[in-house]
There are 2 protein chains.
Amino acid sequence: MVHAHSARDRARLVSEAERLCAEAGETLTPLRRRVLELLIAKDGPAKAYDLLAELDGESGPAKPPTIYRALDFLMKLGLAHKIESLNAFVACDVGACARATIFLICDKCGRTDEFDAGHALVDLGEAARKDGFEIKHTMIEAKGLCAACKQAA
Amino acid sequence: MVHAHSARDRARLVSEAERLCAEAGETLTPLRRRVLELLIAKDGPAKAYDLLAELDGESGPAKPPTIYRALDFLMKLGLAHKIESLNAFVACDVGACARATIFLICDKCGRTDEFDAGHALVDLGEAARKDGFEIKHTMIEAKGLCAACKQAA
DNA sequence: ACCCATATGTTATGATATAGCATTCAGCCG
DNA sequence: CGGCTGAATGCTATATCATAACATATGGGT
């Protein structure tokens, strides 16, 4: 569980991303890097069109495909994830992970933490395999109240 | 894991739904019932606008709010679920369940089965609670290859 | 210089979902 | 009865989310 990133954290995540891209034979172009930085800075779920607005630069406003392509790229490398239940995107907290993601989403404040599933996922994979189903990717989104909001209630 | 429903299964699910609504002090109106029947008949993920098209009746085509309201109602009672990663809806296989859903979704054929998590969910709930997070609802969507498609590959 | 692959820009449109207000209808109470 | 109320549905318009298809760069290899 990671909370707000420090400047050092942010820099580390980005350089980690550089390394991963190089490894994968892909390039973290300025645009992609910029989007990743925006996601990291946001430190929570970000809407595609909001990111788009932040990209606006010299030559007028950016267009939707721009941001969706960058996000697709980041997701392909596991550097970002989509929170399906929010139609929003987050930077991966742990550098990159492609196989499975677990998010705890606070209904009240919107805070969203990436979470380590531990063995729960293994169990699920095994149970599915017994039915002949081969899991490639698992997405878990749990909604409820975060510690802070629970206290406030 | 339930596969295609027999006519008897379908009837049972609907009467089960009637009972649940009565219990909850809600009414399964003709419209809501119709939507539930469509969902059950479809026996797989259904898009809102496709359901809408099937609703078309005497007085011209149905409008989006009609179907979304019916779906919201069914979901509130746990009679239907939304598959977030597909923007689609399914009837609940087991009559009704509100707390958690697990789906195995075949990337190839689109087949989607509701699955019993067993203890995996309990583990997740406990792990989250250790961080002070109170889970209200968990949604799990696992994608991969179903037995049939794996065999065909 | 040329070609090619990859990335980005741009226009248009498709797909998904909701806000806000009008209408209907059943139950109920004076 | 007559009118009130709340729940459900109908309807118009619009917001939000996402992609197809094609045009334009840009950089590396030969």
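Residues numbered from 1 in each chain as written. Chains lettered and ligands numbered in written order. Predicted model: local features only at pLDDT ≥ 70, side-chain atom pairs only at ≥ 80, totals over all residues. Heavy atoms only, no water.

Draft legend 1. The arrangement of the interface of chain A and chain B in detail. Facing the 32 residues of chain A at the interface are 32 residues of chain B. Carbon and sulfur atoms make up 66% of the area that chain A and chain B hide from each other, which totals about 2,800 Å². On the surface where chain A and chain B come into contact, there are 2 salt bridges. With a shortest N-O distance of 3.8 Å, Lys150(B) and Glu134(A) are connected by a salt bridge. Where chain A packs against chain B, one counts 12 residue pairs in polar contact (both at pLDDT 80 or more). Of all the secondary-structure elements, those providing two or more residues to the side of chain A that touches chain B are β3 (100-106), α5 (120-130), β5 (134-145) and α6 (147-152) of chain A. In terms of residues, the side of chain A that touches chain B owes the most to one element, β5(A), which gives 12 residues. Across the side of chain A that touches chain B, the residue classes break down as 18 nonpolar, 6 polar and 8 charged. Pairing analysis gives 11 bridges linking β5(A) to strand β5 (residues 134-145) of chain B, with the strands arranged antiparallel. Bridging from a neighbouring strand, Gly144(A) pairs with Ile135(B) of β5(B). (Contact = heavy atoms within 4.5 Å. Buried area = accessible area lost by both parts, 1.4 Å probe. Salt bridge = Lys/Arg side-chain N within 4 Å of Asp/Glu carboxyl O. Polar contact = N/O pair within 3.5 Å; in protein donor to acceptor, adjacent residues only side chain to side chain. Helix = DSSP H or I, 4+ residues; strand = E, 2+ residues; numbered from the N terminus. Nonpolar A, V, L, I, M, F, W, Y, C, P; charged D, E, K, R; others polar. Pairing = 2+ DSSP bridges.)

Draft legend 2. Structural detail: the packing of helix α2 (residues 30-42) of chain A against helix α3 (residues 48-55) of chain A. Residues and elements named next belong to chain A. Orientation of α2 relative to α3, taken along the N-to-C sense of each, is 120°, at an axis distance of 11 Å. The crossing of α2 and α3 is right-handed. Note on element contacts: α3 touches α2 through Leu-51, Glu-54 and Leu-55, opposite Leu-31, Arg-34, Val-35, Leu-38 and Leu-39. Split into classes, the residues belonging to the contact of α2 with α3 amount to 6 nonpolar, no polar and 2 charged. (Axes fitted to C-alpha atoms, helices over the stretch in contact; angles between N-to-C directions. Left-handed = near helix turned anticlockwise from the far one by under 90°.)

Draft legend 3. Quick look at the packing of aromatic side chains. Residue and element names in this part refer to chain A. Scanning the entire structure with this criterion turns up 2 aromatic pairs over all chains. Seen in terms of ring centroids, Tyr-49 and Tyr-68 are 6.4 Å apart; in terms of plane orientation they differ by 65°. Their pairing is edge-to-face. Remark: Tyr-68 occurs in helix α4 (residues 64-76) and Tyr-49 occurs in helix α3; sequence separation between them is 19 residues. The exposure class assigned to Tyr-49 is exposed, which follows from its relative accessible area of 52%. Sitting over the ring of Phe-73, Arg-32 keeps its end group 3.7 Å from the ring centre. (Phe/Tyr/Trp six-rings, centres within 6.5 Å; stacked < 30°, edge-to-face > 60°. Buried < 20%, exposed > 50% of the residue type's maximum accessible area, 1.4 Å probe, protein only. Lys NZ or Arg CZ within 6 Å of the ring centre and 35° of its normal.)

Draft legend 4. Representation of the pattern of salt bridges within the structure. Residue and element names in this part refer to chain A. Applying the stated criterion across every chain yields a total of 16 salt bridges over all chains. For Arg-19, the salt bridge is made with Glu-23, and the minimal N-O distance between the two is 2.9 Å. Here Glu-23 and Arg-19 lie together in helix α1 (residues 7-24), a separation of 4 residues that amounts to about one turn. Given a relative accessible area of 41%, Arg-19 falls into the partly exposed group. Here Glu-23 falls in the exposed class, since its relative accessible area comes to 60%. Between Arg-33 and Glu-37 there is a salt bridge, with its nearest N and O atoms 3.2 Å apart. With Arg-33 and Glu-37 both in helix α2, this residue pair falls 4 residues apart, about one helical turn. When its relative accessible area of 31% is taken as the criterion, Arg-33 is described as partly exposed. Here the salt bridges share partners, and the residues they tie into one network are Glu-16, Arg-19 and Glu-23.

Draft legend 5. Region of interest: the protein's contact with DNA strand D. As a matter of local geometry, DNA strand D sits amid 16 residues, with Lys47(A), Tyr49(A), Lys82(A), Thr29(B) and Arg69(B) nearest to it. A share of 48% is what sugar and phosphate atoms reach among the atoms of DNA strand D within 4 Å of the protein. At 2.3 Å from a phosphate oxygen of DNA strand D is found a side-chain nitrogen or oxygen belonging to Lys82(A). Those elements that provide at least two residues to the surface near DNA strand D are α4 of chain A together with α2 (30-42) and α4 (64-76) of chain B. Partitioning the surface near DNA strand D into residue classes produces 6 nonpolar, 4 polar and 6 charged. (Near = heavy atom within 4 Å.)

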